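# An overview of the molecular structure
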Amino acid sequence: MCLAIPTRVVELLPDGQALVDLGGVRKTISLELVDDVVPGDYVIVHVGYALTRLDPEEAERTLALMKEAGIDVAGEAASA
């Protein structure tokens, strides 16, 4: 099973890369598949690639639902 996660773009980097933040976890990803991304945008990330930009309100709702389901936005399962 694969999971694509909404993440916030923190910084644009050279060579079509960006630094993203998900609950304090930062990672460099590729923006090669998405145009016109700016810092502050949310993107759906899967295996290191941004697949699409996402409306900020939808991103926040998705992250809230994940947290409600017991999935920590930093990638760790919440303890019961």
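### Brief notes about the overall build of the chain
- Helix and strand counts for the chain stand at one helix and five strands.
- Along the chain, helices and strands appear, N-terminal first, in the series β-β-β-β-β-α.
- Counting all 80 residues of the chain, 30% fall into the buried class.
- Considering only intrachain contacts with a sequence separation of at least 6, the fraction spanning at least 24 residues in the chain is 34%.
- Carbon and sulfur atoms form 53% of the exposed surface of the chain, whose accessible area is close to 5,300 Å².

### A word on the pairing of strand β3 (residues 25-30)
- The pairing of strand β2 (residues 17-22) with β3 spans six bridges and is antiparallel. Looking across to β3, one finds that L22 is bridged to V25.
- Taking the residues that link successive antiparallel strands as the turn, the β2-β3 hairpin has two residues, and the phi of G23 there is positive, at about 60°.

### Section: the environment of A18
- Locating A18 in the fold gives a position in strand β2.
- Here A18 falls in the buried class, since its relative accessible area comes to 0%.
- For A18 and I29, which are 11 residues apart along the polypeptide, the C-alpha to C-alpha distance reads 5.5 Å.
- Apart from residues lying up to four places away in sequence, A18 is in contact with V9, E11, L12, L13, K27, T28, I29 and L31.

### Some points on the nonpolar core
- Judged by nonpolar contacts, V9, A18, V20, I29, L31, V34, V37, V43, V45 and A50 together constitute the single largest core of 10 residues.
- Listed by contribution, the elements that provide at least two residues to this core are β2 and β4 (42-46).
- Apart from the residues lying within four places of it in its own chain, the contact partners of A50 are I29, S30, L31, L33, V34, V43, I44 and V45.
- Among the nonpolar cores identified, the runner-up in size contains seven residues, and L22, I44, L54 and L63 belong to it.

### Digging into the pairing of β2
- Most of β2 sits inside the fold, with five of its six residues counted as buried.
- Of the strand pairs in this sheet, strand β1 (residues 5-13) and β2 are connected by five bridges, and their pairing is antiparallel. Its bridge partner being in β2, V9 is matched across the sheet by V20.
- The antiparallel pairing of β1 with β2 creates a hairpin that spans three residues between the two strands, and D15 there sits at a positive phi of about 60°.

### Brief notes about the confidence of the model for the chain
- When pLDDT is averaged along the chain, the result is 86, and 86% of the positions lie at 70 or above.
- Low pLDDT (under 50) marks residues 76-80, which in the prediction has four contacts with non-local residues, meaning those over four places away or in another chain.

So, how was this worked out
Residues numbered from 1 in each chain as written. Predicted model: local features only at pLDDT ≥ 70, side-chain atom pairs only at ≥ 80, totals over all residues. Heavy atoms only, no water. Helix = DSSP H or I, 4+ residues; strand = E, 2+ residues; numbered from the N terminus. Buried < 20%, exposed > 50% of the residue type's maximum accessible area, 1.4 Å probe, protein only. Contact = heavy atoms within 4.5 Å. Areas by Shrake-Rupley, 256 points an atom, 1.4 Å probe, with all protein chains shown as cover. Pairing = 2+ DSSP bridges. Core = buried A, V, L, I, M, F, W, Y, C linked by side-chain atoms within 4.5 Å. pLDDT = per-residue confidence, 0-100.

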